[in-house]
Amino acid sequence: MALIDKAARRHRWDTKFAPYGYVTPYFLIFGVFGLFPLLYTIWVSLQHRNLLDEGGAYVVWFANYAKLLADPYFWNAMGNTLSLWLLTTVPQILFALGIAALLNRKVRTRTLFRMGVILPNITSVAAVTIIFAQLFGRDFGLVNWVLDLFGAGQIDWQAGTATSHIAIAVMVVWRWTGYHALIFLASMQAISPSLYEAATLDGASGWQQFWRITVPLLRPQIIFTTIIATTGNMRLLAEPLLFNPGAAAATGGSDRQFQTAALYLYEQGFTNYDFGYSSAIAVVLAIATIIVAGLGYLVTKRIQTE
């Protein structure tokens, strides 16, 4: 009888405490590599901490944030960030929907095409940026060569704000569209064929079926990919950094025309070694990303509802 009571007690403890043991490793890893860096960044943002200053670090409270709000370079970087976010997020979602719809059809070598769309995503971002920087080169770039064939002339893609944003957006869209397309494709395959059969009997065209059946049923996935794309595109760093390699790469062009907020953070932290100020930039950028992602969610939800 005592053995039975002991086994029953052990079973109760197991069912009561075992779930906490299963999730504990996640919270430990999150605490060490997620929560602690976040809290420490906030703490550093309240300090004057410059490695070039012999005086060491000391608390200045919100002085870094006051300086940030009056910094024209920061607002220029935020404007560039929002511009690139718009130029990359919207085309990514639209192209991904189109590619997923094509891959969902019964065509030969579908598996090969499905594997092919993910290849840009697993390619090194440094390699992609360097290659695209050569393609958009002013004197010997392939893009200018094609434009010259049509009489459009050569464009200095790095010199202008609009042209540099378009070039960087092309890199990002090329690299991430396939990733989103596979998410949409997996969801399209879960849609019941009977819905399309009924729509066909009612006389709906393929285009009408896509917008009236496929897209509304992909609403959760569209919202998810919009948020994922927003969080990634709001912190672009490697593409603008490597688009203009050299000693002044961190400035994002001669006139800071494509310097993003993440690149400005990099400049302050790893060029000027002002980690207090760069931490303040990181905190504000994180808040801005949450706000933009929330707005993207609301807009996507509103469009889907209508």
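Residues numbered from 1 in each chain as written. Predicted model: local features only at pLDDT ≥ 70, side-chain atom pairs only at ≥ 80, totals over all residues. Heavy atoms only, no water.

## Here we look at the overall build of the protein
Here comes step 1: Of the regular secondary structure elements, the protein holds 13 helices and 2 strands.
Here comes step 2: Compactness check: the protein gives a C-alpha radius of gyration of 25 Å against a globular reference of 19 Å for 306 residues, more than 25% above the reference.
Here comes step 3: For the protein, the spread of C-alpha atoms along the three principal axes comes to 70 × 70 × 35 Å.
Here comes step 4: The buried share of the protein, reckoned over its 306 residues, is 36%.
Here comes step 5: When contacts within the protein are restricted to residue pairs at least 6 apart in sequence, those whose partners lie at least 24 apart make up 67%.
Here comes step 6: Taking the 20 positively charged and 15 negatively charged side chains of the protein as two groups, their mean positions are separated by 17 Å. (Helix = DSSP H or I, 4+ residues; strand = E, 2+ residues; numbered from the N terminus. Rg over C-alpha atoms; globule rule 2.2 N^0.38 Å. Buried < 20%, exposed > 50% of the residue type's maximum accessible area, 1.4 Å probe, protein only. Contact = heavy atoms within 4.5 Å. Lys, Arg positive; Asp, Glu negative; His and termini not counted. Charge placed at Lys NZ, Arg CZ, Asp CG, Glu CD.)

## Overview of the domain arrangement of the protein
Here comes step 1: Segmentation of the protein into domains returns domain 1 (2-45) and domain 2 (71-301).
Here comes step 2: Computed from C-alpha coordinates alone, the two centres of domain 1 and domain 2 are separated by 38 Å.
Here comes step 3: Taken together, the contacts link 4 residues of domain 1 with 6 residues of domain 2.
Here comes step 4: Between domain 1 and domain 2 the total buried area reaches about 340 Å² when both faces are included, carbon and sulfur atoms providing 80% of it.
Here comes step 5: On the domain 1 side of the contact with domain 2, Thr41, Val44 and Ser45 bury the most area, a combined 87% of that side's loss.
Here comes step 6: Inspection of the region where domain 1 meets domain 2 yields 0 salt bridges.
Here comes step 7: Along the contact surface separating domain 1 from domain 2 lie 0 residue pairs in polar contact (both at pLDDT 80 or more).
Here comes step 8: Here the residues of the side of domain 1 that touches domain 2 sort into 2 nonpolar, 2 polar and no charged. (Domains from an automatic or database assignment. Buried area = accessible area lost by both parts, 1.4 Å probe. Salt bridge = Lys/Arg side-chain N within 4 Å of Asp/Glu carboxyl O. Polar contact = N/O pair within 3.5 Å; in protein donor to acceptor, adjacent residues only side chain to side chain. Nonpolar A, V, L, I, M, F, W, Y, C, P; charged D, E, K, R; others polar.)

## Thoughts on the packing of aromatic side chains
Here comes step 1: Taken as a whole, this structure holds 15 aromatic pairs when the rule is applied.
Here comes step 2: For the pair Tyr26 and Phe30, a centre-to-centre distance of 6.2 Å together with 15 degrees between the ring planes defines the contact as stacked. In this pair, Tyr26 and Phe30 both sit in helix α1 (residues 2-45), 4 residues apart, roughly one turn of the helix.
Here comes step 3: Residue Tyr26 is classed as exposed on the basis of its relative accessible area of 53%.
Here comes step 4: Here the aromatic rings of Trp176 and Tyr179 are separated by 5.7 Å at their centres, their planes lie at 90 degrees, and the arrangement is edge-to-face. Linking Trp176 with Tyr179, this pair stays in helix α7 (residues 161-188), spanning 3 residues, or about one helical turn.
Here comes step 5: Joined through ring pairs, the aromatic side chains of Phe132, Phe136, Trp157 and Trp174 make up one cluster.
Here comes step 6: Against the face of Tyr277 rests Lys67, its NZ or CZ located 4.4 Å from the ring centre.
Here comes step 7: Here the guanidinium or amino end of Arg256 rests over the ring plane of Tyr73, the centre of that ring lying 4.0 Å away. (Phe/Tyr/Trp six-rings, centres within 6.5 Å; stacked < 30°, edge-to-face > 60°. Lys NZ or Arg CZ within 6 Å of the ring centre and 35° of its normal.)

## As for the UniProt feature "transmembrane region" (unreviewed entry) in the protein
Here comes step 1: The UniProt record annotates "transmembrane region" (unreviewed entry) at residues 20-43, 82-103, 115-137, 157-174 and 275-299.
Here comes step 2: Across residues 157-174, helical content stands at 78% and strand content at 0%; the span's end C-alpha atoms are separated by 17 Å.
Here comes step 3: This span, residues 275-299, is 100% helix and 0% strand, and a straight line between its end C-alpha atoms measures 35 Å. (UniProt positions renumbered as here; feature names shortened; annotations may be inferred.)

## Section: the packing of helix α5 (residues 125-135) against α7
Here comes step 1: Between α5 and α7, the least distance of the axes is 10 Å, while the angle of their chain directions is 135 degrees. Taken together, α5 and α7 sit at an angle that is classed as oblique. In terms of crossing hand, the pair formed by α5 and α7 is right-handed. Residues Val125, Val128, Thr129, Phe132 and Ala133 of α5 touch α7, and the partners they reach there are Val170, Met171, Trp174 and Arg175.
Here comes step 2: When its residues are assigned to classes, the contact of α5 with α7 shows 7 nonpolar, 1 polar and 1 charged. (Axes fitted to C-alpha atoms, helices over the stretch in contact; angles between N-to-C directions. Parallel < 35°, antiparallel > 145°, perpendicular 65-115°, else oblique. Left-handed = near helix turned anticlockwise from the far one by under 90°.)

## Regarding unusual backbone geometry
Here comes step 1: Phi is positive for Trp61, close to 55 degrees, though the residue is something other than glycine.
Here comes step 2: Mapping Trp61 onto the fold places it in the loop between β2 (58-59) and α2 (63-69).
Here comes step 3: Its relative accessible area of 52% is what places Trp61 among the exposed residues.

## A few points about the pattern of salt bridges
Here comes step 1: Here the structure, examined in full by the defined rule, presents 3 salt bridges.
Here comes step 2: A salt bridge links Arg138 to Asp139; its shortest N-O distance comes to 3.3 Å.
Here comes step 3: On the basis of relative accessibility, which here comes to 45%, the residue Arg138 falls in the partly exposed class.
Here comes step 4: With a shortest N-O distance of 3.8 Å, Asp156 and Arg138 are connected by a salt bridge. Residue Asp156 is found in the loop between α6 (142-149) and α7, and its partner Arg138 is found in the loop between α5 and α6; the two are separated by 18 residues along the sequence.
Here comes step 5: Within the structure, one salt-bridge network assembled from shared partners comprises Arg138, Asp139 and Asp156.

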